[in-house]
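Residue-level listing of the chains:
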Amino acid sequence: MTDTELPRTPDYDAWPIDADLDTVSFTPRLVTVRWSDGRISRYHGIWLRENATDDTTINPATRERILDLSTLPAWPEVEGAEIDATGALCVDFAPEDRRLRFHPGWLRAHDYDNVSDPEAPLVPVTTWQGGPEAGPDTLDATGLLDTDAGDDAEEAILAPALESVLGKGLVRLRNLPTEPGSLEAIAWRIGPVRPTNFGQLFDVRAKPDPDSNAYTSIALPPHVDLPTREYHPGLQMLHCLENSVEGGQAVMLDGFAVAEALRDRHPEAWTTLTRVRWCYANTARTTDYVWYEPMIRLDARGKLLEVRIADFLRGPLQTAFEDVEPAYEALMTLQRLLRDPAFAIRFTYAPGDLVIFDNRRLLHARDAFEGASGHRWLQGCYMERDEIRSRYRMIQRARRQRRLTTDA
């Protein structure tokens, strides 16, 4: 890379230049730039030094950092800054006597001085309630697995599907293949599957000698799967291969909406369920998973992170003596909310339907069905929230790359 070309970025992404660098000023520890649209951005010198893209800072083959700041001879100070002929920011650092260049599109995209929430979700999170007319966002997924569909299928099917899951926690895709095992190929359009003790793929149908209530024909109450794990799966897919039974309607609730209602209507119960650690246990014949966690978890900023609700997977409560009765009072308050039909959407699976949902947010349930009336066969799998976020970022990256190509 020469000074007649824009510098590379410290990642593999594409960063269109929506505003040019206009002017620059500096102090020993700060660089201030004005953009062509009037925005003013400040960057700390040490932040710039660590995010440089020269071969002493990152490995050019991997774009991973190799610089250890503590090995520098002293705190890096800015002794010069200018905009070069390509529009890049050039900064001279002492005492290294090193000039480093920064891509303006990347700088603008990472302008921490003008971002109110740098950890904002990729898609705004929208909680929802149900009702008799409500249903999941639904997309026709015909052609999703066609090898020659390429960007068209990604933009028409995958991108809006991921946006629904990231924003609302749920999407339904229709008209997918119904061959057993085809779910794995569908899942790989997003990312790798997380295997569990139930396998890479698991079959949800009534069977003799079941090791889970899911493998019977009885009704299942609203729950998340595998809360018995330290890190229960972030994403679940259920793919309908057959459904000719009477009953067995699917039920979905937004666990975040239920939690918010609990906070608004019953603040004491909310506080208790965010504090008391419940025992979650799956002590089957061949496995023994146990974990302790609050039923409602918040992140470091106080925002909803996950719910762990699954009555049939709770072990004996083990908590402080004085917390036992308040914990059960809070639990029963929550259980009454879960029975409120205003929170639920209901639908019947058709062969070829695939429901993808956030297993750490959405609660799913099932009506009982009459096993002798036909066949009901769903295949399921798990993956992590990380995979859906990564896949969506890759879609956004491809969009930016197309913009750069079109603009060029």
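None of the values given here were measured: they were computed from a predicted structure.

**Remarks on the overall build of the protein**
Okay, so step 1: Within the protein one finds eight helices and 24 strands.
Okay, so step 2: Across its three principal axes, the protein shows a C-alpha extent of roughly 80 × 60 × 40 Å.
Okay, so step 3: Here the protein holds 408 residues, and 47% of them are scored as buried.
Okay, so step 4: Residue pairs in contact within the protein that sit at least 24 positions apart in sequence constitute 74% of those at least 6 positions apart.

**Things to note about the sheet that holds strand E10 (residues 170-174)**
Okay, so step 1: Across the sheet, six strands lie side by side as E9-E10-E21-E13-E24-E11; this open sheet has mixed pairing. Either end of the sheet is taken by a strand with one partner, and the two such strands are strand E9 (138-140) and strand E11 (202-204). Across the sheet, the mean angle from the axis of one strand to that of its neighbour is 25°, orientation sign disregarded.

**Regarding the domain arrangement of the protein**
Okay, so step 1: According to the domain assignment, the protein contains domain 1 (21-118) and domain 2 (138-394).
Okay, so step 2: If you average the C-alpha positions of domain 1 and of domain 2, the two centres end up 44 Å apart.

**Topic: the sheet that holds strand E15 (residues 250-254)**
Okay, so step 1: Taken in spatial order, the four strands of this open sheet run E12-E22-E15-E20, and their pairing is antiparallel. Among the strands making up the open sheet, the edge pair consists of strand E12 (220-223) and strand E20 (344-347). Between one strand axis and the next, the sheet turns through 15° on average, direction left out of account.
Okay, so step 2: Pairing of E15 with strand E22 (residues 362-366), which is carried by five bridges, proceeds in the antiparallel orientation. When the sheet's bridge partners are listed, Met252 is paired in E22 with His364.
Okay, so step 3: Strand contacts of helix H5 (residues 255-265): E15 and E22, with the helix running at about 50° to E15, the strand carrying the most contacts.

**Structural notes on the packing of aromatic side chains**
Okay, so step 1: Inspection of the entire model under this criterion finds seven aromatic pairs.
Okay, so step 2: Measuring from centroid to centroid gives 5.5 Å for Trp47 and Trp106, while their planes differ by 25°, and the two rings are stacked. Here Trp47, found in helix H1 (residues 45-50), pairs with Trp106, found in helix H2 (residues 104-109); they are 59 residues apart in sequence, far enough to count as distant.
Okay, so step 3: Chaining the aromatic ring pairs together yields one cluster made of Tyr43, Trp47, Trp106 and Tyr112.
Okay, so step 4: A cation over an aromatic ring shows up here: Arg63 above the ring of Tyr12, its NZ or CZ 4.8 Å from the ring centre.
Okay, so step 5: Positioned above the aromatic ring of Trp377, the side-chain terminus of Arg205 is 4.0 Å from the ring centre.

**As for helix H7 (residues 324-338)**
Every α-helical turn comprises 3.6 residues, leaving residues that sit three or four positions apart pointing alike.
Okay, so step 1: The end-to-end C-alpha distance of H7, which contains 15 residues, comes to 21 Å, matching closely the 21 Å that a straight helix rising 1.5 Å per residue would cover.
Okay, so step 2: Each element contacted by the buried residues of H7 is listed here: E12, E15, H5, helix H6 (267-275), strand E16 (277-283) and E22.

**Topic: the environment of Arg397**
Okay, so step 1: Positionally, Arg397 belongs in helix H8 (residues 385-407).
Okay, so step 2: Sequence spacing of Arg397 and Tyr12 is 385 residues, and the spatial spacing of their C-alpha atoms is 8.8 Å.
Okay, so step 3: Apart from the residues lying within four places of it in its own chain, the contact partners of Arg397 are Tyr12, Asp13 and Ala14.

**What about the packing of H5 against H6?**
Okay, so step 1: One can describe the packing of H5 onto H6 by two numbers: an axis separation of 5 Å at closest approach and a directional angle of 125°. Considering the angle they form, H5 stands oblique to H6. Together, Ala259, Leu262, Arg263, Asp264 and Arg265 of H5 and Pro267, Ala269, Trp270 and Leu273 of H6 make up the contact between the two elements.
Okay, so step 2: Looking at the contact of H5 with H6 residue by residue, the classes come out as six nonpolar, no polar and three charged.

About the thresholds
- Residues numbered from 1 in each chain as written.
- Predicted model: local features only at pLDDT ≥ 70, side-chain atom pairs only at ≥ 80, totals over all residues.
- Heavy atoms only, no water.
- Helix = DSSP H or I, 4+ residues; strand = E, 2+ residues; numbered from the N terminus.
- Buried < 20%, exposed > 50% of the residue type's maximum accessible area, 1.4 Å probe, protein only.
- Contact = heavy atoms within 4.5 Å.
- Pairing = 2+ DSSP bridges.
- Axes fitted to C-alpha atoms, helices over the stretch in contact; angles between N-to-C directions.
- Domains from an automatic or database assignment.
- Phe/Tyr/Trp six-rings, centres within 6.5 Å; stacked < 30°, edge-to-face > 60°.
- Lys NZ or Arg CZ within 6 Å of the ring centre and 35° of its normal.
- Expected span 1.5 Å × (residues − 1).
- Parallel < 35°, antiparallel > 145°, perpendicular 65-115°, else oblique.
- Nonpolar A, V, L, I, M, F, W, Y, C, P; charged D, E, K, R; others polar.

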